[in-house]
Amino acid sequence: MTKILHNTDRLPQGAVVATIGMFDGVHQGHATLIDELRRQAAARGLKSAVITFAHHPQHVLRPGGDLRMIMTLDQRVKQLESMGLDYVAVMDFTVELSRNTSLDFMRVMQEQWGVKVLIVGYNHRFGHDRDATFATYVENGRKLGIEVMKAPEYLGEFAPVSSTIVRGLIAAGKVDDACNCMGRPFRLSGEVVHGFHNGRGIGFPTANVGNLDPLVILPHTGAYAVMVEVAGRRMQGMVNVGHRPTLDNGRQLSIEVNIFGFDDDIYGMPITLEFIKFLRLEFKMGSIDELRAQLTTDRDRSIAILNRLNTKLL
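All of these numbers come straight from a predicted model, not from anything done at the bench. (Residues numbered from 1 in each chain as written. Predicted model: local features only at pLDDT ≥ 70, side-chain atom pairs only at ≥ 80, totals over all residues. Heavy atoms only, no water.)

Caption draft 1: Just helix α5 (residues 102-113), in detail. Compared with the 16 Å implied by 1.5 Å per residue over 12 residues, the 16 Å span of α5 between its first and last C-alpha is a close match. Within α5, burial applies to Ser 102, Leu 103, Phe 105, Met 106, Met 109, Gln 110, Gln 112 and Trp 113. (Helix = DSSP H or I, 4+ residues; strand = E, 2+ residues; numbered from the N terminus. Expected span 1.5 Å × (residues − 1). Buried < 20%, exposed > 50% of the residue type's maximum accessible area, 1.4 Å probe, protein only.)

Here it is as structure tokens:
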């Protein structure tokens, strides 16, 4: 079982093979790095550890910026836990920590987390000395008694991949491509809140998803086929991310999901959407009847897409 470590925790000197990074999205490149990390730890009889940050450095150094995350911290830690690591260490990134050189960073990792071997992610940089190279890290390691290794580059079917690339795909509505890069769908979690209650009147009751983490990225406006987790169940559905132009409810962005064959009272419950496939852009239709016909088409297409997905998972 993976143990979660925090700033107040310490590990014995020379206890672990570790890597450090944000790991937002925990994508296929990260998986390649973590596979190598576990392999090296097993070969040396040491524990494996991923050191990640509670907050993205940009959020700390440039608060109010426009960077949005793929995952919440809780989602990121849970995903890392599922990958067979001995430890996931969550480090508080601070302005003071940002002033550390790569050598200072490595000294902190050695003294606090017991790092004996450091595996550096492909093209990853850390420390205030941003011009530091892999050779710099190797030399730092020589001074501290830390073996430094470079992780293999992910060269799979969906290379190249990075958190920046995944964010761009989600923002563009290309959620199926983002899924390929991560190895699982993009997930958006919130709470079912009261909305405008328009859907029921046209035969498509919706749950309005609110109380979202403001730092998590939203997909491009439009309609999507989704899997929905709510009330202890996992069901098929379709969601509209947008402004409901046909219903003229104002310009407030809403996320409204129609869960197929389900109409229970779930107000106030946590809900998670898995974005599977983009269906269409949002546009204003000529009448409610036209909207109803379009939603029927969207539902039929979503069911076909999601049934194929479920068949692949069997």
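Caption draft 2: Molecular detail of the packing of aromatic side chains. Applying the stated rule across the entire model yields 7 aromatic pairs. Ring centres of Phe 105 and Phe 126 lie 6.1 Å apart, and the angle between their planes is 80 degrees; on these two criteria the pair is classed as edge-to-face. Here the residue Phe 105 occupies a position in helix α5, and Phe 126 occupies one in the loop between β5 (115-120) and α6 (134-144), the gap between them amounting to 21 residues. Under the relative-accessibility criterion, Phe 105 is labelled buried at 3%. For Phe 126, a relative accessible area of 5% corresponds to the buried category. Centroid distance Tyr 224 to Phe 275: 5.2 Å. Interplanar angle 80 degrees. Geometry classified as edge-to-face. With a gap of 51 residues between them, Tyr 224 in strand β9 (residues 222-230) and Phe 275 in strand β12 (residues 270-280) connect regions that are remote in the sequence. For the residue pair Tyr 224 and Phe 275, the accessibility class agrees, reading buried in each case. Site record: aromatic cluster; members linked through ring pairs are Phe 53, Phe 93, Phe 105, Phe 126 and Tyr 137. Over the aromatic face of Phe 134 sits the side chain of Lys 150, whose NZ or CZ is 4.9 Å from the ring centroid. (Phe/Tyr/Trp six-rings, centres within 6.5 Å; stacked < 30°, edge-to-face > 60°. Lys NZ or Arg CZ within 6 Å of the ring centre and 35° of its normal.)

Caption draft 3: Focus on α6. Among the residues of α6, those classed as buried are Tyr 137, Asn 140, Gly 141 and Leu 144. Burial along α6 is one-sided: seen end-on, the buried residues are contained in an arc of 100 degrees. Exposed and oriented more than 90 degrees from the buried face of α6 are Ala 135, Arg 142 and Lys 143. Residues of α6 that are buried in the fold lie against α5, β5 and β6 (147-150). (Arc of directions from axis to C-beta. Contact = heavy atoms within 4.5 Å.)

Caption draft 4: Structural view of the packing of helix α7 (residues 163-171) against helix α8 (residues 175-182). It is at 7 Å that the axes of α7 and α8 come closest, and there the two elements cross at 155 degrees. With respect to each other, α7 and α8 are oriented roughly antiparallel. Both α7 and α8 take part in a crossing whose hand is left-handed. Where α7 abuts α8, its residues Val 166, Leu 169 and Ile 170 lie against Val 175, Asp 177, Ala 178, Cys 181 and Met 182. Per-class residue counts for the contact of α7 with α8 are 7 nonpolar, no polar and 1 charged. (Axes fitted to C-alpha atoms, helices over the stretch in contact; angles between N-to-C directions. Parallel < 35°, antiparallel > 145°, perpendicular 65-115°, else oblique. Left-handed = near helix turned anticlockwise from the far one by under 90°. Nonpolar A, V, L, I, M, F, W, Y, C, P; charged D, E, K, R; others polar.)

Caption draft 5: How the structure looks around unusual backbone geometry. Between Ala 159 and the following residue, Pro 160, the backbone shows a cis peptide bond with an omega angle of -5 degrees. Along the polypeptide, Pro 160 turns up in the loop between β6 and α7. Positive phi is not limited to glycine here, since Phe 23 has a value of about 60 degrees. Inspection of the secondary structure puts Phe 23 in the loop between β2 (16-20) and α1 (28-44). Its identity is not glycine, yet Ala 231 carries a phi of approximately 55 degrees, on the positive side. The residue Ala 231 is located in the loop between β9 and β10 (233-242) in this model. The class for Ala 231 is partly exposed, based on a relative accessible area of 42%.

Caption draft 6: Just the sheet that holds β5, in detail. The strand order across the open sheet formed by 6 strands is β1-β4-β3-β2-β5-β6, and the pairing between neighbours is parallel. Among the strands making up the open sheet, the edge pair consists of β1 (3-5) and β6. Taking each pair of neighbouring strands and ignoring which way they run, the sheet shows an average axis angle of 25 degrees. Of the strand pairs in this sheet, β2 and strand β3 (residues 47-53) are connected by 5 bridges, and their pairing is parallel. Bridged to Thr 19 within β3 is Val 50. This element, helix α3 (residues 73-81), spans β1, β3 and β4 (87-91) of the sheet and lies at about 165 degrees to β3. (Pairing = 2+ DSSP bridges.)

Caption draft 7: Focus on the sheet that holds β9. As summarised here, the arrangement of the 6 strands in space is β7-β8-β11-β10-β9-β12, forming a closed barrel in which the pairing is antiparallel. Taken pair by pair, the neighbouring strands of this sheet meet at an average axis angle of 45 degrees, ignoring direction. Two elements, strand β7 (residues 186-193) and strand β8 (residues 207-210), share 3 bridges in a ladder whose sense is antiparallel. Looking at β8, one finds that Val 193 is bridged to Asn 208. Strands in contact with α8 are β7, β9 and β12; relative to β12, the strand with the most contacts, it is inclined by about 115 degrees.

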